[in-house]
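# Commentary on secondary and tertiary structure
The chain contents come next:
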Amino acid sequence: MSEHLRDNEPFGLGLALLENKNALRRFASLSIPKQQEFIENAHSLATPEEFRLYVSNIGRVDEND
């Protein structure tokens, strides 16, 4: 099942963002390079729960990074 989720990473990440409106707003406010970094870092995630936890933590990203 992990392989199937990995094939659909953008979809899984998008679903997790849609489930968390605050995280979606935060993601949308990031610069394009920061959005790309956030997406790239999601490549190691394998389960829906991992995607949800990862997305829930986006609010903790320091804007000054």
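For every chain, the first residue of its written sequence is number 1, and the numbers climb from 1 along that sequence. Note on the predicted model: pLDDT of at least 70 is required for a residue's local features to be given, and 80 or more for side-chain atom pairs to be given and counted; whole-chain, interface and lining totals, by contrast, use all residues. Excluding hydrogens and water, the side-chain values take into account all heavy atoms of the structure.

### Concerning the overall build of the chain
Labels follow the DSSP assignment, with helices taken as runs of H or I lasting at least four residues and strands as runs of E lasting at least two, numbered in each case from the N terminus. Within the chain one finds five helices and zero strands. Along the chain, from the amino end to the carboxyl end, the secondary structure elements read α-α-α-α-α. Classification of residues uses two cut-offs on accessible area relative to the type maximum, computed with a 1.4 Å probe and protein chains only: under 20% is buried, over 50% is exposed, and between them is partly exposed. Burial analysis of the chain (65 residues in total) assigns 29% to the buried set. We call two residues in contact when some of their heavy atoms are within 4.5 Å. Across the chain, every contact between residues at least 6 apart in sequence was considered, and the portion connecting residues at least 24 apart equals 67%. For the chain, the accessible area works out to roughly 4600 Å², and carbon and sulfur atoms hold 55% of it. Per-residue accessibility takes into account occlusion by the displayed protein chains alone, with areas from the Shrake-Rupley method and a 1.4 Å probe.

### Some points on the environment of Leu45
Tracing the chain through its elements places Leu45 in the loop between helix H4 (32–41) and helix H5 (48–56). The exposure class of Leu45 is buried, given its relative accessible area of 11%. Once the C-alpha coordinates of Leu45 and Gly12 are considered, the two residues, 33 residues apart in sequence, prove to be 9.5 Å apart.

### A word on the packing of aromatic side chains
Aromatic pairs are defined between Phe, Tyr and Trp rings, using the six-membered ring for Trp, whenever the two ring centres lie within 6.5 Å; interplanar angles under 30 degrees are classed as stacked, those over 60 as edge-to-face, and all others as tilted. Evaluated as defined, the whole model comprises two aromatic pairs. With 5.6 Å between their ring centres and 55° between their planes, Phe27 and Phe38 make a pair best called tilted. Here Phe27, found in helix H3 (residues 21–29), pairs with Phe38, found in helix H4; they are eleven residues apart in sequence, far enough to count as distant. Here Phe27 matches Phe38 in class, with each residue buried.

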